[in-house]
Amino acid sequence: MRVEFPDFRLGKVLATSFTGTLSERHGSAVERIPTPHRLVDWLAVSGLAVDSCTTAQLDLARELRESVHAAATAAALQEALPASAVRLINDRSTHGRAAAILTPEGERRWQLSSADRVEDALGVIAADAISVISGERDGTLALCASPTCRAAFFDTSRSRTRRWCDMNTCGNRQKKARFHAGRRRSSGSAK
């Protein structure tokens, strides 16, 4: 029997997409990388393919995810970055051995030192988090307006007023809730 896992929420920013592997943090949390193999799947769809992952490497990945989430949340709220999160992000960034390569199509890809180096992939994610949190990239960190989600996301919209980490999930869920609440109010006042 095949075990079904929740779909990945893939965004355009590697670091914040990685934090999305744990969603609904303030509700019924959804772990999207519950097993080492599932982390391998996420890394593959994110352009960081590795052959395998151990439980210890999955633990390293989850530690990084939570540190990036904590630092990105603090940055979005314009608060001091948690020192422990900064240390862990820096540590993962310096322990990875990946190189940026240019494809014939003019795109950047990552080349890991070997196909079993999850640490290399984590180094790429950490480096991406550093570029986002430090403000090197054009955009701003924000927090999802969903009270159960509150995920940090990187807003590159022209007005920098995006409210949801993902319109297809959190945004639609909130719009449906407002719609149904409005219908209940209007049907209650019609009686």
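What you are looking at is a predicted structure, and each value in this text was computed from that prediction instead of being measured. (Residues numbered from 1 in each chain as written. Predicted model: local features only at pLDDT ≥ 70, side-chain atom pairs only at ≥ 80, totals over all residues. Heavy atoms only, no water.)

Here the focus is the environment of Cys 144. Secondary-structure assignment places Cys 144 in the loop between strand 5 (140–143) and strand 6 (152–155). Judged by relative accessible area, Cys 144 falls into the buried class, the value being 0%. Linking Cys 144 and Arg 163, residues 19 residues apart in sequence, is a C-alpha distance of 5.7 Å. Among residues more than four places away in sequence, those in contact with Cys 144 are Cys 149, Arg 150, Ala 151, Phe 153, Arg 163, Trp 164, Cys 165 and Cys 170. (Helix = DSSP H or I, 4+ residues; strand = E, 2+ residues; numbered from the N terminus. Buried < 20%, exposed > 50% of the residue type's maximum accessible area, 1.4 Å probe, protein only. Contact = heavy atoms within 4.5 Å.)

Now for the side chain of Arg 92. Assignment of secondary structure puts Arg 92 in helix 4 (residues 83–95). What makes Arg 92 buried here is its relative accessible area of 12%. Those residues in contact with Arg 92 that sit more than four places away from it in its chain are Leu 60, Glu 63, Leu 64, Leu 122, Gly 123 and Ala 126.

Further remarks concern helix 4. Given a rise of 1.5 Å per residue, 13 residues ought to cover 18 Å, and the 18 Å separating the end C-alpha atoms of helix 4 matches this to within 8%. Regarding helix 4, the residues found buried are Ala 85, Leu 88, Ile 89 and Arg 92. The buried side chains of helix 4 occupy one side of the element, clustering within an arc of 100° when seen end-on. Exposed and oriented more than 90 degrees from the buried face of helix 4 are Arg 87 and Thr 94. Contacts from the buried residues of helix 4 go to helix 3 (55–76) and helix 5 (118–133). (Expected span 1.5 Å × (residues − 1). Arc of directions from axis to C-beta.)

As a further point, take the pattern of salt bridges. One pass over the full model with this rule turns up 12 salt bridges. A salt bridge links Asp 120 to Arg 117; the shortest N-O distance between them is 3.0 Å. Asp 120 sits in the buried class, given a relative accessible area of 0%. Asp 128 is the partner of Arg 137 in a salt bridge, and the nearest nitrogen-oxygen pair spans 2.3 Å. In this structure Asp 128 comes out as buried when scored by relative accessible area, which is 10%. One salt-bridge network, held together by shared partners, links Arg 25, Glu 31, Arg 62, Arg 65 and Glu 66. (Salt bridge = Lys/Arg side-chain N within 4 Å of Asp/Glu carboxyl O.)

With that settled, consider the nonpolar core. In this structure, Phe 18, Leu 39, Trp 42, Leu 43, Leu 48, Leu 64 and Ile 125 are the most contacted members of the largest nonpolar core, which totals 28 residues. Sorting the residues of this core by element identifies helix 1 (14–19), helix 2 (36–45), helix 3, helix 4 and helix 5 as the ones contributing at least two each. Apart from residues no more than four positions distant in its own chain, Trp 42 is found in contact with Phe 8, Leu 10, Leu 14, Ser 17, Phe 18, Thr 21, Ile 33 and Ile 125. Formed by eight residues, the second largest nonpolar core is a distinct cluster that contains Cys 144, Ala 151, Phe 153 and Cys 165. (Core = buried A, V, L, I, M, F, W, Y, C linked by side-chain atoms within 4.5 Å.)

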